[in-house]
Amino acid sequence: MPGPPTPPEGYTVTHHYCLPEDAWHLELDHQGARGLLTAVIPDEDPKRQPSFRFSDPGGSHEVPYEVMRWFMAYVADHVGRIRAWMSLPPDTVDTIVSLREVRYTDWGEGDHEAALVLLAESLPHEQAAAVVAELLSDADRATVLSDLACPPEVAADRVEALRARMAEAGWRSGTTYE
């Protein structure tokens, strides 16, 4: 999917991740006036929807209609890419959330291989590939996808240990309701 066109003359977009909000911020800037309009795109919690914040610390600032249309299209493109995993079936979303939590807080040696086995066993290939794309992006995608088709040999207790940590992470994050 091609991205949106380049910004209108004089306008830029600043991207940054806000850790306290677990969200991407896309700020529309114009010739030194930063953050006129901020799109807030949560990427951790599927229940939180994207939103906008209006701000101009220097006073009033007019944004032309065509620039607003462009910015909305720009944000829509990013929402689609940042939140694509959230449109997967609920069980797959739960898997992503809990595996992400483990990856960020308790990822150990051998967990990559155990995750591949767990995903290959529990999800259809295309959903497992989506999880890999969302969580294991530092690995070469083609290699990981071929590993999913023929997962490495991993001790069953290692897979079960990862599954247990994922279940605990899901309960901790409030995303698992079983």
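All residue numbers here refer to positions counted from 1 along the written sequence of the relevant chain. Given that the model is predicted, a residue must reach a pLDDT of at least 70 before its local features are reported, and side-chain atom pairs must reach 80 or more before they are shown or counted; all residues, however, enter totals for whole chains, interfaces and linings. Excluding hydrogens and water, the side-chain figures rest on all heavy atoms present in the structure.

Visitor: Can you lay out the sheet that holds strand β3 (residues 33-42) for me, pointing to particular residues and giving the numbers?
Guide: The four strands are arranged β1-β2-β3-β4 in an open sheet whose pairing can be described as antiparallel. In this open sheet, the two edge strands, each paired with only one partner strand, are β1 (11-18) and β4 (51-54). With direction set aside, neighbouring strand axes in the sheet form an average angle of 20°. Relative to β4, β3 runs antiparallel, the two being bridged by four bridges. In the strand pairing of β4, Val40 is matched with Ser51. Strand pairing is assigned whenever DSSP detects at least two bridges linking the two strands. Put simply, DSSP marks the helices as runs of H or I at least four residues long and the strands as runs of E at least two long, and each gets a number from the N terminus on. Angles here are taken between N-to-C directions and fall from 0 to 180 degrees, while the axes themselves are lines fitted to C-alpha atoms, restricted in helices to the stretch in contact.

Visitor: Can you explain the side chain of Asp111? Please cite residues and give values.
Guide: By the element assignment, Asp111 lies in helix α3 (residues 111-122). Of the residues examined, Asp111 reaches a relative accessible area of 3% and is grouped as buried. Each residue touching Asp111, except ones within four places of it in the same chain, is listed here: Asp106, Leu162 and Arg165. Three exposure classes are used, based on accessible area relative to the maximum for each residue type with a 1.4 Å probe and protein chains only: buried under 20%, partly exposed in between, and exposed over 50%. Whether two residues touch is decided by their heavy atoms; if any such pair falls within 4.5 Å, the residues are in contact.

Visitor: Which residues make up helix α1 (residues 65-82), and what are the values?
Guide: A helix is expected to span 1.5 Å multiplied by its residue count minus one. With 18 residues, α1 should cover 26 Å at 1.5 Å per step; its first-to-last C-alpha distance of 25 Å lies within 8% of that length. Listed as buried for α1 are Val67, Trp70, Phe71, Tyr74, Val75, Asp77, His78 and Ile82. Burial along α1 is one-sided: seen end-on, the buried residues are contained in an arc of 155°. Counted as exposed and oriented over 90 degrees from the buried face of α1: Tyr65 and Glu66. Working definition: the arc comes from the directions between the helix axis and the C-beta atoms, pointing outward to the latter.

Visitor: Which residues make up the packing of aromatic side chains, and what values go with them?
Guide: Stacked, tilted and edge-to-face are the three classes assigned to paired rings of Phe, Tyr and Trp, where Trp is represented by its six-membered ring and a pair needs centres within 6.5 Å; plane angles under 30 degrees give stacked, over 60 edge-to-face, the rest tilted. In total, this model carries four aromatic pairs according to the counting rule given. With a centroid separation of 6.3 Å and 65° between ring planes, the pair formed by Phe52 and Phe71 is classed as edge-to-face. Note that Phe52 is positioned in strand β4 and Phe71 in helix α1, a separation of 19 residues in sequence. Judged by relative accessible area, which is 31%, Phe52 ranks as partly exposed.

Visitor: Describe in detail the pairing of strand β2 (residues 23-30), supporting the description with residues and values.
Guide: Of all eight residues that make up β2, seven are buried, and the element is covered over most of its length. Two elements, β1 and β2, share eight bridges in a ladder whose sense is antiparallel. Note on β2: the bridge partner recorded for Val13 is Leu28. What sits between the antiparallel neighbours β1 and β2 is a turn of four residues, in which Asp22 has the positive phi angle 50°. Sheet topology places β2 next to β3; seven bridges connect them, and they run antiparallel.

Visitor: Can you break down the pattern of salt bridges residue by residue, with the values?
Guide: A pair is scored as a salt bridge if a Lys or Arg side-chain nitrogen falls within 4 Å of a carboxyl oxygen belonging to Asp or Glu. The tally for this structure, following the rule as stated, stands at seven salt bridges. Among the salt bridges present, the one from Arg34 reaches Asp29, with a minimum N-O distance of 3.8 Å. Using a relative accessible area of 6% as the deciding quantity, one classes Asp29 as buried. For Arg165, the salt bridge is made with Asp106, and the minimal N-O distance between the two is 3.5 Å. With Arg165 in helix α6 (residues 156-173) and Asp106 in helix α2 (residues 90-106), this pair connects stretches of sequence that are 59 residues apart. In the salt-bridge network here, residues are joined through shared partners; they are Glu27, Asp29 and Arg34.

Visitor: So what about a nonpolar patch on the surface? Which residues, and what values?
Guide: Here a patch means residues that are over 30% exposed by relative accessible area and free of salt bridges, tied together within 9 Å if like-charged and within 5 Å if nonpolar (Val, Leu, Ile, Met, Phe, Trp, Tyr). Using a 1.4 Å probe, the Shrake-Rupley method yields the accessible areas, and only the shown protein chains count as cover for residues. On the surface, a nonpolar cluster with roughly 330 Å² of combined accessible area is contributed by Phe52, Phe54 and Met72. Along the chain, Phe54 turns up in strand β4. Of the residues examined, Phe54 reaches a relative accessible area of 67% and is grouped as exposed.

Visitor: Now, about α3: what can you tell me, with residues and values included?
Guide: Here α3 is twelve residues long and its end C-alpha atoms lie 16 Å apart, about the 16 Å a rise of 1.5 Å per residue gives. Buried residues of α3: Asp111, Ala114, Ala115, Leu116, Val117, Leu118 and Leu119, and no others.

So, to be careful, I would describe these as geometric facts and stop short of saying anything about function.
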